[in-house]
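Read off the chains here:
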Amino acid sequence: MKKIVLTGDRPTGRLHLGHYVGSIENRVKLQDEADQAFYMVADVQALTDNADNPEKVRDNVLEVALDNLACGVDPKKTTFFIQSQVPAIAELTVFFLNLVTVSRLEQNPTVKTEIEQKFSRAIPAGFLCYPISQAADILFCKSTIIPVGEDQKPVIEQCNEIVDTFNRFYGQVFHRVKHVIGATGRLVGTDGNAKMSKSLGNSIYLSDSKEEIRKKVKDMYTDPKHIHVEDPGQVEGNVVFAYLDVFDADKEGVAALKEQYQKGGLGDAVLKDRLTEVLEGVIAPIRARREELAKDPQKIMKILEEGTKVAQKIGEQTMQEVREAIKINYFK
Ligand code: TRP
């Protein structure tokens, strides 16, 4: 079986370190190992909770494409495209809607959490159904390897249920898919919240300046009882150490710092200076490439346009098979 990789981002804002460790690092790696790789700007999904704000979605198409290109997702190896421009995805979504119950959608843990965060009462049907349209994103090109953050696991599980039901009703067309989660599946937010998320305002962006990084690190939660430098401090639950564990390549150095911190004698300011330098080391090259790429937005749109044409063609091939399986291929 061919190794086909696909992933995507909602264009609702710039991407952050959580995206980087959860999924982008894997995208960059997997594009070399795959027979085919796709990167989607999921504008249709972004509209499921931004229906009244199309400008925001449109403006961020370029931003998320830039973030991915700057991180090394390479248009020579990965087909970049825009979700809304591939009719097969919309068409597949319509047929997949019949394969999933409303109660199953309401039980999806990812969707449940997002609904709690985003909507007080009225939930758009499109939002509740986004796992169905995401299954169409994944299956229109028959991809089976999906690099995503840990929070997306239940959505991928639901995709596999759709695969099973589709094949049972109509004969084997699709294969089950596998999610690939980064070594750090979920990065804590700068405020200590379980997840770095743009909607929670606790993110460090891949385009942040060194000063912005410094400020965000400065505000990070450490140990409220660690008041004086000499006081023993707690490492567990300390956000600065959580980040050093993920981003500082000098593991021995971090272990020594932890020891010193626990004993007392290491101030938060010194620790935070170190983390600022470590994060700047990760982000500076991405930021520099991003600034360079951002000088020619038309070139980026051209990459998306070319990739979209490829995706459209592949989608149409899959749809011919799907229509035949569902017996709606009337006019051959
Ligand atoms: N739901 C994903 C997220 O919020 C984005 C996404 C849309 C996606 N379509 C996809 C991810 C297809 C993987 C595959 O991060």
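Details of the structure are given in the entry above.
So, here's what we can say about the structure. (Residues numbered from 1 in each chain as written. Predicted model: local features only at pLDDT ≥ 70, side-chain atom pairs only at ≥ 80, totals over all residues. Heavy atoms only, no water.)

1. Points about the packing of helix H11 (residues 239-247) against helix H12 (residues 251-263)
Part 1 of the argument: Following both chains from N to C, one finds H11 and H12 inclined at 165 degrees, their axes separated by 9 Å at the closest point. With respect to their mutual orientation, H11 and H12 come out roughly antiparallel. Considering only the axes of H11 and H12, their crossing is left-handed. Together, Phe241, Leu244, Asp245 and Val246 of H11 and Lys251, Val254, Leu257, Lys258 and Tyr261 of H12 make up the contact between the two elements. (Axes fitted to C-alpha atoms, helices over the stretch in contact; angles between N-to-C directions. Helix = DSSP H or I, 4+ residues; strand = E, 2+ residues; numbered from the N terminus. Parallel < 35°, antiparallel > 145°, perpendicular 65-115°, else oblique. Left-handed = near helix turned anticlockwise from the far one by under 90°. Contact = heavy atoms within 4.5 Å.)

2. A short note on empty space enclosed by the protein
Part 1 of the argument: Applying the stated rule across the entire model yields 1 cavity of 30 Å³ or more.
Part 2 of the argument: When its volume is computed, the largest cavity comes out at roughly 70 Å³.
Part 3 of the argument: Lining the largest cavity, in full, are Val5, Thr7, Arg27, Gln31, Ala37, Phe38, Tyr39, Val73, Thr78 and Pro147.
Part 4 of the argument: Of all the secondary-structure elements, those providing two or more residues to the lining of the largest cavity are strand E1 (4-9), helix H1 (17-33) and strand E2 (36-41).
Part 5 of the argument: In terms of residues, the lining of the largest cavity owes the most to one element, E2, which gives 3 residues.
Part 6 of the argument: Grouping the amino acids of the lining of the largest cavity by side-chain chemistry returns 6 nonpolar, 3 polar and 1 charged. (1 Å grid on protein atoms, 1.4 Å probe; cavity = no way out; pocket = protein on both sides within 12 Å on 5 of 7 lines; lining within 4 Å. Points joined across faces, edges and corners; volume = space filled by probe spheres on them. Nonpolar A, V, L, I, M, F, W, Y, C, P; charged D, E, K, R; others polar.)

3. Concerning the environment of Lys251
Part 1 of the argument: When you line up the elements, Lys251 lands in helix H12.
Part 2 of the argument: Apart from the residues lying within four places of it in its own chain, the contact partners of Lys251 are Leu244, Asp245 and Val246.
Part 3 of the argument: At 2.7 Å, the side chain of Lys251 forms a polar contact with the backbone oxygen of Asp248. (Polar contact = N/O pair within 3.5 Å; in protein donor to acceptor, adjacent residues only side chain to side chain.)

4. Quick look at the site of the ligand
Part 1 of the argument: In the region of the ligand, 13 residues are neighbours, and Gly8, Gln45, Gln134, Asp137 and Gln152 sit closest.
Part 2 of the argument: One nitrogen or oxygen atom from the side chain of Gln134 is found 2.8 Å from a nitrogen atom belonging to the ligand.
Part 3 of the argument: Within the complex, the protein chains bury 90% of what would otherwise be the 370 Å² of accessible surface of the ligand.
Part 4 of the argument: When atom positions are compared with the pocket grids, the ligand is found to occupy the largest pocket.
Part 5 of the argument: Where the shell around the ligand is concerned, the elements lending two or more residues are E1 and helix H8 (130-139). (Near = heavy atom within 4 Å. Areas by Shrake-Rupley, 256 points an atom, 1.4 Å probe, with all protein chains shown as cover. Sits in = over half its atoms within 2 Å of the grid points.)

The quantities given are spatial measurements derived from coordinates; they are silent on function.
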